[in-house]
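Tertiary structure, described
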Amino acid sequence: MGYVARLAHSLAPRDIGRRATVRFRLPDGRFRDIVGVLESWRDGVLVLRRRDGSVAQVDEADVVASRIVPQQPPRRRGSPES
């Protein structure tokens, strides 16, 4: 018996301001993932801001899976001293 992945779309407008990952279907049938802070959700369009500051818009109808993910830890500078 093999492993079967279960995809769930668990984001809601109440999650605005939280970091999330969204998997959505591209027009050619492939999938793409975006991780970022959910900035808005209006008229069926989710807007996420990525770590690099760019903004991605995804039509809600194209979303196949989503969830809240932990906040990104602060970046470390240099290597830890032993």
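For the structure itself, consult the block above.
What counts as what
- Numbers given to residues run from 1 along each chain, matching the order in which its sequence is written.
- Restriction of local features to residues with pLDDT of at least 70 applies here, the model being predicted, together with a cutoff of 80 or more for giving and counting side-chain atom pairs; totals for whole chains, interfaces and linings are based on all residues.
- For the side-chain quantities, the full set of heavy atoms in the structure was used; hydrogens and water were omitted.
- In this text, helices come from DSSP runs of H or I with a minimum length of four residues, and strands from runs of E with a minimum of two, each type numbered from the N-terminal end.
- Using a 1.4 Å probe on the protein chains alone, a residue whose accessible area is under 20% of its type maximum counts as buried, one over 50% counts as exposed, and one in between counts as partly exposed.
- The Shrake-Rupley method, run with a 1.4 Å probe, gives the accessible areas here. Residue values count only the displayed protein chains as cover.
- A 3.5 Å cut-off defines polar contacts: any pair of N or O atoms within that distance qualifies, except that in protein one atom must be a possible hydrogen donor and the other a possible acceptor, and neighbouring residues in sequence count only when both atoms are side-chain atoms.
- Nonpolar core, defined: a set of buried Ala, Val, Leu, Ile, Met, Phe, Trp, Tyr and Cys residues in which side-chain atoms within 4.5 Å join the residues together.
- Contacts between residues were defined by any pair of non-hydrogen atoms, one from each residue, lying within 4.5 Å.
- Note on pairing: two strands pair once DSSP finds at least 2 bridges between them.
- Whenever a carboxyl oxygen of Asp or Glu lies within 4 Å of a side-chain nitrogen of Lys or Arg, that contact is scored as a salt bridge.

The next point concerns the overall build of the chain. The secondary structure content of the chain amounts to zero helices and five strands. In sequence order, the chain lays out its α and β elements as β-β-β-β-β. Here the chain holds 82 residues, and 27% of them are scored as buried. In the form shown here, the chain has an accessible surface area of approximately 6500 Å², with 48% of it arising from carbon and sulfur atoms.

Let's shift gears to the environment of Arg 23. Within the fold, Arg 23 resides in strand β1 (residues 19-25). With 15 residues separating them in the primary sequence, Arg 23 and Ala 8 have C-alpha atoms 9.8 Å apart. Reaching out from Arg 23, the side chain makes a polar contact with the side chain of Asp 33 at a distance of 2.7 Å.

Another point: the nonpolar core. Within the largest apolar cluster, 13 residues are counted, with the highest numbers of intra-cluster contacts made by Leu 11, Ile 34, Leu 46, Leu 48 and Val 58. Contributing elements (two or more residues each) for this core: β1, β2 (31-42), β3 (45-49) and β4 (55-59). For Leu 46, the residues in contact, after removing those within four places along its chain, are Leu 11, Leu 38, Ser 40, Trp 41, Ala 56, Gln 57, Val 58, Glu 60 and Val 63.

Once that is clear, we can look at the pairing of β3. Across five bridges, β2 lies against β3 in antiparallel orientation. For Trp 41, the partnering residue across the bridge sits in β3 and is Leu 46. Between β2 and β3, which pair antiparallel and follow one another directly, the connecting turn spans two residues, one of which, Asp 43, has a positive phi of 50 degrees. In this structure, the hairpin formed by β3 and β4 is closed by a connection of five residues, where Gly 53 is found at a positive phi of approximately 95 degrees.

Looking now at the pattern of salt bridges. Under the counting rule described, the total for this entry stands at four salt bridges. Across the pair Asp 15 and Arg 18 runs a salt bridge whose closest N-O atoms are separated by 3.4 Å. In this structure, Arg 49 engages Glu 39 in a salt bridge whose closest nitrogen and oxygen atoms are separated by 2.7 Å. Of this pair, Arg 49 sits in strand β3 while Glu 39 sits in strand β2, and the two are 10 residues apart along the sequence. Look at Arg 49 and you get partly exposed, because its relative accessible area is 33%. Residue class for Glu 39 comes out partly exposed when judged on its relative accessible area of 36%.

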